[in-house]
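Fold and geometry: a report
Listed here are the chains, written in short residue letters.
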Amino acid sequence: MILTLEWTNEGVRFIDQTKLPLEETYVLATSYQQVAEIIVTMVVRGAPAIGVSAAMGVALGAKETKAATTEEFAPEFVQICALLAGTRPTAVNLFWAIDRMKVLFARLQAEGADLATVKKAFVDESLAMYDEDIAACKAMGAYGAELMPDEGGVLTHCNAGALATCGYGTALGVIRGAVERGKKVHVFADETRPFLQGARLTAWELMADGIDTTVLCDNMAASLMRAGRIQAVVVGADRIAANGDVANKIGTYGVAVLAREHGIPFYVAAPWSTIDRATLTGDGIPIEERAAVEVTHHGGKQLTPHGVGICNPAFDVTPAKYVTAIITEKGVLRAPYEQSLEAMSPTA
Ligand code: MRU
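A brief report on the enclosed structure follows. As the structure is a computational prediction, the values presented were derived from the model and not from experiment.

We now examine the packing of aromatic side chains. Here a ring pair, both rings aromatic, is described through the centre-centre distance and the interplanar angle of the planes. All told, the structure shown has six aromatic pairs when counted by the stated rule. Centroid distance Phe73 to Phe105: 5.8 Å. Interplanar angle 85°. Geometry classified as edge-to-face. Taken together, the positions of Phe73 in helix H3 (residues 70-85) and Phe105 in helix H4 (residues 92-110) put the pair 32 residues apart, joining distant regions of the chain. As far as burial versus exposure is concerned, Phe73 and Phe105 are alike and both buried. One aromatic cluster is present, built from ring pairs that chain together Phe73, Phe77, Phe105 and Phe122. One cation-aromatic arrangement involves Arg13 over Tyr26; the distance from NZ or CZ to the ring centre is 4.2 Å. Positioned over the ring face of Phe195 is Arg200, at 5.1 Å from the centre of the ring.

Taken together, the seven strands give an open sheet; going across it, the order is E6-E5-E4-E7-E10-E15-E16, and neighbouring strands pair in mixed fashion. The strands lining the two open edges of the sheet, one partner per strand, are strand E6 (213-216) and strand E16 (332-333). Both strand E7 (residues 232-235) and strand E10 (residues 266-269) contribute to a ladder of three bridges, which runs parallel. If you follow Val233 over to E10, its bridge partner there is Phe266. Sheet strands in contact with helix H9 (residues 252-261) are strand E4 (151-156), strand E5 (184-190), E7 and E10, and its direction is about 140° off that of E10.

On to the site of the ligand. Taken together, the neighbourhood of the ligand is formed by 18 residues, with Arg45, Arg88, Asp238, Asn248 and Lys249 sitting nearest. In isolation the ligand exposes 420 Å². Once the protein is present, 100% of that is buried. In this structure the site holding the ligand corresponds to the largest cavity. Its residues assigned to classes, the shell around the ligand shows eight nonpolar, six polar and four charged. Split by domain, the shell around the ligand shows at least three residues from each of two domains, domain 1 (5-138) and domain 2 (146-347).

Moving on to the environment of Arg181. Within the secondary structure, Arg181 sits in the loop between helix H6 (171-180) and E5. Residue classification places Arg181 among the partly exposed residues on the basis of a relative accessible area of 45%. When the C-alpha positions of Arg181 and Val12 are compared, they lie 34 Å apart, and in sequence the two are 169 residues distant. Beyond its immediate stretch of four places on either side in the chain, Arg181 contacts Gly141, Ala142 and Ala145. Within polar-contact distance, the side chain of Arg181 engages the backbone oxygen of Gly177 at 2.9 Å.

Conventions we followed
Here the residue numbers are simple positions, counted from 1 along each chain's written sequence. Predicted model: local features are reported for residues with pLDDT of at least 70 only, side-chain atom pairs are reported and counted for 80 or more only, and whole-chain, interface and lining totals are derived from all residues. Side-chain measures here rest on the full set of heavy atoms in the structure, leaving out hydrogens and waters. Ring pairs are drawn from Phe, Tyr and Trp, using the six-membered ring of Trp, whenever the two centres fall within 6.5 Å, and their geometry is named by plane angle: stacked under 30 degrees, edge-to-face over 60, tilted for the rest. A helix here means a DSSP run of H or I that spans at least four residues, while a strand means a run of E at least two residues long, and both kinds are numbered starting from the N terminus. For each residue, the accessible area found with a 1.4 Å probe, counting protein chains only, is set against the maximum for its type, and the residue is called buried under 20%, exposed over 50%, and partly exposed in between. Two limits define a charge over a ring: the Lys NZ or Arg CZ must be within 6 Å of the ring centre, and within 35 degrees of the ring normal. Pairing between strands requires that DSSP locate at least two bridges from one strand to the other. We call two residues in contact when some of their heavy atoms are within 4.5 Å. Here the axes come from fitting lines to C-alpha atoms, over the contacting stretch only for helices, and the angles between their N-to-C directions go from 0 to 180 degrees. One heavy atom within 4 Å of a molecule or strand is enough for the residue carrying it to be called near that molecule or strand. Areas reported as accessible are Shrake-Rupley estimates using a 1.4 Å probe. Residue values count occlusion only from the protein chains shown. In this analysis the probe radius is 1.4 Å and the grid spacing 1 Å, with only protein atoms considered; a cavity is a set of points the probe fits into but cannot get out of, a pocket is an open set with protein on both sides within 12 Å along at least five of seven lines, and lining residues have an atom within 4 Å of a point. Pocket occupancy is defined atom-wise: a molecule lies in a cavity or pocket when more than half of its atoms are within 2 Å of its grid points. As a working rule, the residues Ala, Val, Leu, Ile, Met, Phe, Trp, Tyr, Cys and Pro are called nonpolar, Asp, Glu, Lys and Arg charged, and the rest polar, with Gly in that last group. Domain start and stop points were drawn from an automatic or database domain assignment. Nitrogen and oxygen atoms within 3.5 Å of one another constitute a polar contact, given that in protein one can donate a hydrogen and the other can accept it, and given that sequence-neighbouring residues count only through two side-chain atoms.

See the structure below:
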């Protein structure tokens, strides 16, 4: 089992995703500031993993505080949450997790809880999120497996696997679910420029599980689809708007349009913590723009001429009309998504 992140007595331990697949090394964060830095630099990445990391960052901030009472800790709690919330803007799981810690803290304050109780409650809450995330991935795997072909090629983009969650994965959870149920799927992993989550991370974790995987450059998907080698596409999501528009790794939109053109189903697997019904359409989703160096350089080597203009949005939005179904831990949603989301919503 891949340990993407883990709460330990010494701090939060992360597998360093910037070093994979060639080096399997771990980083220990002993302060909430370090957790924030680890999220920004993508040592940990993937929407659900970012959310749980932030919750553990809050727990670490409380554990390390010099405050003596809950009241004294309250302004520091606000600062901790603000720093962690400022790390990456697109994955709504980050804000979902921090909001959950805020709700908990407000309740504990109202109950007059002492600081030791707060510290313990924060650790327990982040561990509960961790367990819930794995359970959600397994449930998505079970629902999504039904939608996978009995035999054939399945394309995925980016890494929505164990490394992007607390374990098992969303899109890769669906693939794992299919393989566990005896389906003979062959995975095509888009390399996913510029950070290469597909080539480095998806390939690494699927090979570790013995799942047949082929890496392809992002610009090869169209010809493989045309050649009839891809029977389904499954990807993860960073945020799903109320109308079913899906923000995910840059390049996902292109894959969805290609899938439609070739009559291939395009599935999105995501937990409810990725669904943001307060954002009505994809136009309202903030898209992170990352540093130009991710595009200009690779492995420390410059690829582009000095001074050339660079565009590096980390995500794009796939309009709901291209999404065949959204696989969640509660079941499979179909268009029209406003209605299916409303019907399946925990608050409905
Ligand atoms: O920039 P990243 O690597 O954090 O982007 C990750 C993705 O886009 C994933 O597909 C998404 O977060 C879903 S992870 C289960």
